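Summary of the model geometry
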Amino acid sequence: MIEFESVTKVYRMGNVEVYALRGVTLSIKQGEMISIIGASGSGKSTLLHVIGCLDRLTSGSYFFEGAEVSRLNDNQLAEMRNKKFGFVFQDYNLLSRATALANVELPLIYGGSRNKRQPAMEALERVGLGPRAKHKPTELSGGEQQRVAIARALVNNPALILADEPTGNLDSAATAEIISIFRQLNQDGITVVIVTHEADIAAQTQRIIHLRDGEIISQ
Amino acid sequence: MKFVESLAIAIRSLFANKLRSSLTMLGIIIGVGAVITLMSVGRGAQASITSTFEQMGTNLLSVIPSSGEVGGIAGMSYAFMTPTLTLDDAKALERIPSVVAIDPVNENYVEVTAGGESKVAIIHGASPAYQQVYNHSLALGQFISDRNVASRDMVVVLGNEVAEDLFGADDPVGQKVKMKGKRFTVIGVLEPKGGAIMGVSLDNVVVTPITTFQTKLFTQRTARGEDAVQSISVKVASAEVIDEVREEIETILRRRHRLSVDEKNDFAVISMEQMLGMLQQVTGIFTIVLGAIASISLLVGSIGIMNIMLVSVTERTREIGIRKAVGAKRRDILLQFLIEAAILSLVGGGIGIVGGWVISFLISHVNLGGITIHSVVSADIVILAISVSVFIGLASGIYPAMRAARLNPIDALRYG
């Protein structure tokens, strides 16, 4: 599904060039559950962002389902983010003034769906938050907020869910809950990629990609 | 994404931030309100001057001294004039066939006292024709007679406001008033006329025989040493013959003043219409100045909108990042911010219009020391104010909106 061919990502910090990814070659097959681990600054988040079209690569090539992603324009990338990927972030990134339901409806609005309420409710029920649909993020616990974010990620039936340290702010009970949701989604056929630095989370995935200084040292 | 959904997102987002939305609107509200109020007051002043002149009639000519050098309003001011007209000039004009009445008038300010009361009024030195020329009716007593004029009697007819202020409910006829240390007998009181020219009430007048004015109150002489007349009002039979009469007046006066062919007139004949035109020019400038002041406040308001829009984009960078991460396109973000700006300026403009309307209504009903201005809110001012406010809203929304739309999703998410 995903083919990376010596992908690099370079940031400019003033006059200094910082290499976040140095020639990453990687392939991800449909239905896999993968974790990306590595020290902070190893480029694991950057890799996830490039996969998810939140960021553009500097050189190399990226094929998604056989299509060259680096050739796409901004609008096509937005469409990819909307239809193909679902993101889950460490700090949830929910709209704080909107209800859980409205947050989950957001991708449907930008996707142009006619029917929004029903799929959004279904997504919330899938993560066990049906009864809390009308609550705002500030009225929910961290684990519940992350479940809202997962519901938002899966509402458009994405091919891939990308999670960036999804349990970084959660206690162990909530962590277990979130990971079991990811496992369930993976069993339902969705490819899941989780960035983490917790070994026991990585241990629950089928494949571990280990990054150091922007390079894959094992996979 | 459909427009309706962008609209819904924008409205939801405005309601979610009530304080910020209302502060942004406040600038536009004040600006538009000020434009409406000040323009209406200006228009009202213009309208009241026009109606006052229309009351006086269009078949009136005024002959005044003029050097022929200074034009316009300045040329009409007594301060710039060397007196050239006399009572004999006025008498000579009576020969013109279409002339109905001739009234030589001298004017000044004077303090009138009676008992303990005193009042500053306009004093007119006039002839019996004054009543007919200015359409004044008498409330009490009688008007100045030809005999009063001939024998320079120390008599006055009081305007309604003067009579009320000095004598209250008492009958002033037969009582004495004092002006410039001299005693005059009140022989009549005018009916109230209402209205004002440039804020001066038409009822705040005292009328005395012109000969008395010339010899006992304010002496002014022409170059040849005769008693001067400041202006001669000529009432003609109808508005159609005005030009004809004007020519005859010029012929007669040029002959009487012994002006040779290459000399300019030492007087000017002005119709009420001309006078109105000049005054309207003045009030027009007045309205423009008021409008300019109001526009400045509108400009300040729009800078406020721009500022708040920019701050709000910065503050909402993360929100923009979230929206982009779940698939919002540039156009969607741009549209959301533009619609927010448009709604703010439309609603703000609407409230400003209503507010300005209410204030100008209140101004119309407040008496400012004898002056009332009936402000006129007209459709063109309202349309102007609405379009300006929407334009400002959109113009000041576009730049922040474009900045917001161009943000890279991951940069926007990392912010804050």
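Residues numbered from 1 in each chain as written. Chains lettered and ligands numbered in written order. Predicted model: local features only at pLDDT ≥ 70, side-chain atom pairs only at ≥ 80, totals over all residues.

Considering the overall build of chain B
The helix and strand inventory of chain B stands at 14 helices and 12 strands. Within chain B, the proportion of its 416 residues that are buried is 42%. (Helix = DSSP H or I, 4+ residues; strand = E, 2+ residues; numbered from the N terminus. Buried ≥ 20, exposed ≤ 12 C-beta atoms within 10 Å, placed from the backbone.)

Describing the overall build of chain A
When helices and strands are tallied, chain A shows 7 helices and 10 strands. Relative to its 219 residues, chain A shows a buried fraction of 45%. For chain A, the share of sequence-separated contacts (at least 6 apart) that also reach a separation of at least 24 residues comes to 69%. (Contact = placed C-beta atoms within 7 Å.)

Some points on helix H11 (residues 317-325) of chain B
Among the 9 residues of H11(B), 7 are classified as buried, and the element is accordingly described as predominantly covered. Where H11(B) is concerned, the buried positions are B:Glu319, B:Ile320, B:Gly321, B:Ile322, B:Arg323, B:Lys324 and B:Ala325. For H11(B), the secondary structure elements touched by its buried residues are helix H2 (74-83), strand E6 (85-88) and helix H3 (100-111) of chain A together with helix H12 (330-364), helix H13 (379-406) and helix H14 (409-414) of chain B. Remark: B:Gly327 follows H11(B) within two positions and exhibits a positive phi of approximately 115°.

Some points on helix H5 (residues 142-154) of chain A
Residues and elements named next belong to chain A. For H5, which comprises 13 residues, the first-to-last C-alpha distance of 19 Å matches the rise-based estimate of 18 Å (1.5 Å per residue) to within 8%. Counted residue by residue, H5 has 11 buried out of 13 residues, so it is predominantly covered. Burial in H5 covers these residues: Glu144, Gln145, Gln146, Arg147, Val148, Ala149, Ile150, Ala151, Arg152, Ala153 and Leu154. (Expected span 1.5 Å × (residues − 1).)

Some words on the sheet that holds strand E3 (residues 33-37) of chain A
Residues and elements named next belong to chain A. Read from one edge to the other, the open sheet built from 6 strands follows the order E6-E7-E8-E3-E9-E10, with strand pairing classed as mixed. The open sheet has two edge strands, E6 and strand E10 (215-218), and neither has a second partner. Strand-to-strand, the axes of this sheet are offset by a mean angle of 25°, without reference to chain direction. (Pairing = 2+ DSSP bridges. Axes fitted to C-alpha atoms, helices over the stretch in contact; angles between N-to-C directions.)

Comments concerning the nonpolar core
Ranked by internal contacts, the top residues of the largest apolar core, which has 112 residues, are A:Ala151 and A:Ile161. Not counting the four nearest positions on each side in its chain, A:Ala151 is found in contact with A:Val104, A:Ala123, A:Leu124, A:Arg126, A:Val127 and A:Leu129. Core analysis: the second largest hydrophobic core is formed by 51 residues, B:Leu93, B:Val177, B:Ala228 and B:Ile242 among them. (Core = buried A, V, L, I, M, F, W, Y, C linked by C-beta atoms within 7 Å.)

Thoughts on the interface of chain B and chain A
Taken together, the contact between chain B and chain A spans 17 residues of the former and 20 residues of the latter. Put simply, the parts of the chain that give the side of chain B that touches chain A at least two residues each are helix H1 (3-16), H11, H12 and H14 of chain B. A per-element tally of the side of chain B that touches chain A places H11(B) first, with 5 residues. Of the residues that constitute the side of chain B that touches chain A, the class distribution is 9 nonpolar, 1 polar and 7 charged. (Nonpolar A, V, L, I, M, F, W, Y, C, P; charged D, E, K, R; others polar.)

Describing the sheet that holds strand E4 (residues 59-64) of chain A
Residues and elements named next belong to chain A. The 4 strands are arranged E2-E1-E4-E5 in an open sheet whose pairing can be described as antiparallel. Pairing within the sheet leaves two strands with one partner each, and these edge strands are strand E2 (16-28) and strand E5 (67-68). Pairing between strand E1 (residues 2-13) and E2: 9 bridges, direction antiparallel. When the sheet's bridge partners are listed, Met13 is paired in E2 with Val16.

Overview of the pairing of E3(A)
Residue and element names in this part refer to chain A. For E3, the buried fraction is high: 4 of the 5 residues fall into the buried class. Of the strand pairs in this sheet, E3 and strand E8 (residues 191-195) are connected by 4 bridges, and their pairing is parallel. What sits directly across from Ile34, in E8, is Val193. Here 4 bridges tie E3 to strand E9 (residues 207-212), and the two strands are oriented parallel to one another. In the sheet register, Ile34 faces E9, and the bridge partner there is Arg207.

Details of unusual backbone geometry
If a residue is not glycine, its phi is most likely negative; likewise, a peptide bond is most likely trans. Of note, the phi angle at A:Ser6 is positive, near 30°, even though the residue is not glycine. Here A:Ser6 lies in strand E1.

Quick notes on the environment of B:Arg254
All names here are of chain B. With respect to the secondary-structure elements, Arg254 resides in helix H9 (residues 242-256). Using a count of 17 C-beta atoms within 10 Å as the deciding quantity, one classes Arg254 as partly exposed. Separated by 12 residues in sequence, Arg254 and Asp266 have C-alpha atoms that sit 8.2 Å apart.

Topic: the confidence of the model for chain B
When pLDDT is low, close inspection of the predicted coordinates is not appropriate. Of all residues in chain B, 92% attain a pLDDT of 70 or more, and the chain-wide mean is 82. Of the two predicted TM-score estimates for the complex, the pTM is 0.68 and the ipTM is 0.94. (pLDDT = per-residue confidence, 0-100.)

Some remarks on the pairing of strand E11 (residues 231-236) of chain B
Residue and element names in this part refer to chain B. Most of E11 sits out of view: 6 of its 6 residues are buried. Residue alternation in E11 divides its side chains into two sets, Ser231, Ser233 and Lys235 and Ile232, Val234 and Val236, and both sets are buried. Bridge count between strand E1 (residues 60-65) and E11: 4 bridges; the pairing is antiparallel. Paired with Leu61 across the two strands is Val234, which belongs to E11. For strand E2 (residues 99-114) and E11, the ladder comprises 6 bridges, and the chain directions are antiparallel.

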